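Per-entry structural report
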Amino acid sequence: MDLVILKETRDGESRVALAPDHIRLFTDLGFTVRVEAGAGSAAGWSDGEYAEAGASVAPDMEGALRGARVVVKVRPPLPEEILKLPPQALLISFLSPADPDPAPALAERGVDALALERVPRTTRAQRMDALSSQATAVGYVGALMAASHLPRFFPMLTTAAGTIPPARVLVLGAGVAGLQAIATARRLGARVRAYDIRAAAAEQVQSLGATFVQAALPAEAEVEGGYARELSGSEEDRQHQLMMEEIPAADAVITTAQIPGRPAPRLITAEMVERMAPGSVIVDLAADTGGNCEVSRPGETIRHGPATIVAPLQPAARLPQDASRMLGRNIAALLKEMVTEGELVISEDDDIVDAALVVRDGRLRKSQAGG
Ligand SMILES: NC(=O)c1ccc[n+]([C@@H]2O[C@H](COP(=O)([O-])OP(=O)(O)OC[C@H]3O[C@@H](n4cnc5c(N)ncnc54)[C@H](O)[C@@H]3O)[C@@H](O)[C@H]2O)c1
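Please read these numbers as outputs of a predicted model, since none were measured by experiment.

Some points on the overall build of the protein chain
Counting its secondary structure elements, the protein chain contains 12 helices and 19 strands. Against the 2.2 N^0.38 benchmark of 21 Å for 371 residues, the protein chain shows a C-alpha radius of gyration of 22 Å, consistent with a compact globule. If one aligns the C-alpha atoms of the protein chain with their principal axes, the spans along those axes are about 65 × 50 × 35 Å. For the protein chain, with 371 residues in total, the buried portion stands at 45%.

Here's the deal with helix 7 (residues 176–187)
Helix length check: helix 7 (12 residues) gives 17 Å between terminal C-alpha atoms against 16 Å at 1.5 Å per residue, within 8%. Taken across its 12 residues, helix 7 has nine buried, putting it largely inside the fold. Of the positions making up helix 7, those classed as buried are Ala177, Gly178, Leu179, Gln180, Ala181, Ile182, Ala183, Thr184 and Ala185. Elements in contact with the buried residues of helix 7: helix 6 (130–149), strand 9 (168–172), strand 10 (191–195), helix 8 (201–207) and strand 12 (252–255). Backbone geometry just after helix 7 places Gly189 at a positive phi near 95 degrees.

A closer look at the site of the ligand
Taken together, 29 residues form the shell around the ligand, and within it Gly173, Gly175, Gly226, Ala228 and Ala257 come nearest. Taken together, the elements giving at least two residues each to the shell around the ligand come down to helix 6 and helix 7. Its residues assigned to classes, the shell around the ligand comprises 17 nonpolar, eight polar and four charged.

Remarks on the sheet that holds strand 14 (residues 301–304)
One open sheet holds the seven strands; their spatial order is 11-10-9-12-13-15-14, and the pairing between them is mixed. Of all strands in the sheet, those with a lone pairing partner are strand 11 (211–213) and strand 14, marking the two edges. Strand-to-strand twist across the sheet, computed as the mean angle between neighbouring axes with direction ignored, equals 20 degrees. With four bridges connecting them, strand 14 and strand 15 (residues 307–310) associate as antiparallel partners. Across the sheet, residue Arg303 finds its bridge partner in strand 15, namely Thr308. Where helix 6 meets the sheet, its contacts fall on strand 9, strand 12, strand 13 (281–284) and strand 15, and the angle it forms with strand 13 comes to roughly 155 degrees.

A closer look at the domain arrangement of the protein chain
How big an interface is tends to be reported as the loss of accessible area on association of its parts. Each assigned domain of the protein chain is listed here: domain 1 (2–118 + 319–364) and domain 2 (138–318). Taken together, the eight residues of domain 1 in the interface contact nine residues of domain 2. Looking at side-chain class alone, the side of domain 1 that touches domain 2 contains four nonpolar, two polar and two charged residues.

Section: the environment of Arg198
With respect to the helices and strands, Arg198 occurs in the loop between strand 10 and helix 8. In this structure, Arg198 is in contact with Ala221, Glu222 and Ala228, ignoring residues within four places of it in sequence.

Let's talk about the packing of helix 6 against helix 11 (residues 320–338)
The axes of two packed helices give the description: the angle between them and the distance between them. Taken N-terminus to C-terminus, the directions of helix 6 and helix 11 make an angle of 170 degrees; their axes are 9 Å apart at the nearest point. By the criterion of interaxial angle, the relationship of helix 6 to helix 11 is roughly antiparallel. Residue-level contacts link Ala130, Ser133, Gln134 and Ala137 of helix 6 to Asp322, Ala323, Met326, Leu327 and Asn330 of helix 11. Class assignment of the residues belonging to the contact of helix 6 with helix 11 gives a composition of five nonpolar, three polar and one charged.

As for the packing of helix 6 against helix 7
At a minimum axis distance of 7 Å, the contact between helix 6 and helix 7 shows a crossing angle of 40 degrees. With respect to their mutual orientation, helix 6 and helix 7 come out oblique. With respect to the hand of their crossing, helix 6 and helix 7 are arranged in right-handed fashion. Of the residues in helix 7, those in contact with Ser132, Ala135, Thr136, Val138, Gly139, Tyr140, Gly142, Ala143 and Leu144 of helix 6 are Val176, Ala177, Gly178, Leu179, Gln180, Ala181, Thr184 and Ala185. Residue composition of the contact of helix 6 with helix 7, by class: 10 nonpolar, seven polar and no charged.

Some details on helix 6
Working note: α-helix, 3.6 residues per turn, so residues spaced by three or four point in the same direction. The first and last C-alpha atoms of helix 6 sit 28 Å apart over 20 residues, in line with the 28 Å expected at 1.5 Å per residue. Of all the 20 residues making up helix 6, 15 are buried; the element is thus mostly covered by neighbouring parts of the structure.

Side note on the pairing of strand 12
Every second residue of strand 12 is oriented toward a common face, with Ala252 and Ile254 on one face and Val253 and Thr255 on the other, all of them buried. With four bridges connecting them, strand 9 and strand 12 associate as parallel partners. Bridging across to strand 12, Leu170 finds its partner in Val253. Pairing between strand 12 and strand 13: four bridges, direction parallel. Along strand 13, the bridge assignment pairs Thr255 with Asp284.

Section: unusual backbone geometry
With an omega dihedral of 0 degrees, the bond running from Ser96 to Pro97 counts as a cis peptide bond. With respect to the helices and strands, Pro97 occurs in the loop between strand 5 (90–93) and helix 5 (103–109). Of note, the amide linkage connecting Asp99 to Pro100 takes the cis form, showing an omega dihedral of 5 degrees. In this model, Gln88 sits at a positive phi of 80 degrees, which is unusual for a non-glycine residue. Relative to the helices and strands, Gln88 resides in the loop between helix 4 (79–82) and strand 5. At Gln314, a residue that is not glycine, the phi angle is positive and equals roughly 45 degrees. Considering the arrangement of structural elements, one finds Gln314 in the loop between strand 15 and helix 11. Taking the C-beta count within 10 Å as the criterion, Gln314 has 22 such neighbours and is therefore assigned buried.

Here is what the cut-offs are and how they apply
- Residues numbered from 1 in each chain as written.
- Predicted model: local features only at pLDDT ≥ 70, side-chain atom pairs only at ≥ 80, totals over all residues.
- Helix = DSSP H or I, 4+ residues; strand = E, 2+ residues; numbered from the N terminus.
- Rg over C-alpha atoms; globule rule 2.2 N^0.38 Å.
- Buried ≥ 20, exposed ≤ 12 C-beta atoms within 10 Å, placed from the backbone.
- Expected span 1.5 Å × (residues − 1).
- Contact = placed C-beta atoms within 7 Å.
- Near = placed C-beta within 6 Å.
- Nonpolar A, V, L, I, M, F, W, Y, C, P; charged D, E, K, R; others polar.
- Pairing = 2+ DSSP bridges.
- Axes fitted to C-alpha atoms, helices over the stretch in contact; angles between N-to-C directions.
- Domains from an automatic or database assignment.
- Parallel < 35°, antiparallel > 145°, perpendicular 65-115°, else oblique.
- Left-handed = near helix turned anticlockwise from the far one by under 90°.

Shown next, in the form of structure tokens:
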């Protein structure tokens, strides 16, 4: 069973699906691991490190893919890459966000595909949860970006030159990324407030030493799987009023709000940004799905009135070593469930495989919209 690690080709992507440290997890399962030359270089790992860890190195993509049973990647493959994948191979990677949806082309090529973002958030699948592992990196990176763009300290400091009050940080969306942003900003000494439409987030926010901000919605906003639903018009009005008070009172805002399968909710308007204090910062971590701030430009850092707005794409790629290590462990845990006596068995009766398997034997099992 040949397992191939491909080099990422999308702009700004510095992660790799497997770190050299984790090759052994795959050889122990019975895989022979091959890496495309340069696959780890953007994360700081040389081909030599992969070779020392037990992988062979192929000079190019075509060479790497010859005879591949499993192909691992971080980001969705590009149309031209799909045409190089060997039919009957199993691709494991994120398949979303991507335009066009790669799934129909994978089906046409006859490549089976497991989408990492579809692994269910169940207890058994926790170790395979790549959305969570990458969101952890996103929240951490977001808090550091806010601290580095703010022209002030995060912590309270008492010095001979006077006392400096702590920065006021507001985190919007308290899922996995938001909670990690709160924890990181707290470690840096900021005073943190956090808002989420799911009431269940309150306890987690408070346990990190932050203050939970509520919009008092008339109905529960949490749907199946712990995700958020879209708000109605009148609920959005309440949220708008709350944000009009909260945003101008914050020195740094870190936004992480998402609704699965939908564009990111717009929480911050241009008017709110214009009411912020000079030097304020917004880090919009939902830029990949359009952004939580009306004036964000995905992939850019801009000034709008008194504030700097940072909207990084794929922020987890800014922490490539640990983000890749976590992803590699997620993939190893997934494959461990699928290997029986040295054979890869793709069983649609397994709830994790059933949920994540998007393409099988040339048949499209799920669409990008979530069906
Ligand atoms: N294995 C597990 O049990 C497991 C693992 C990870 C996450 N989860 C749960 O899954 C759920 C989703 O987590 P996620 O990090 O993937 O979320 P996500 O990335 O889909 O969204 C981020 C956050 O944005 C919030 N949000 C959406 N609209 C908003 C709005 N208008 N205003 C403010 N906030 C808004 C959501 O409630 C969520 O907390 C959570 O309940 C989390 O606890 C469970």
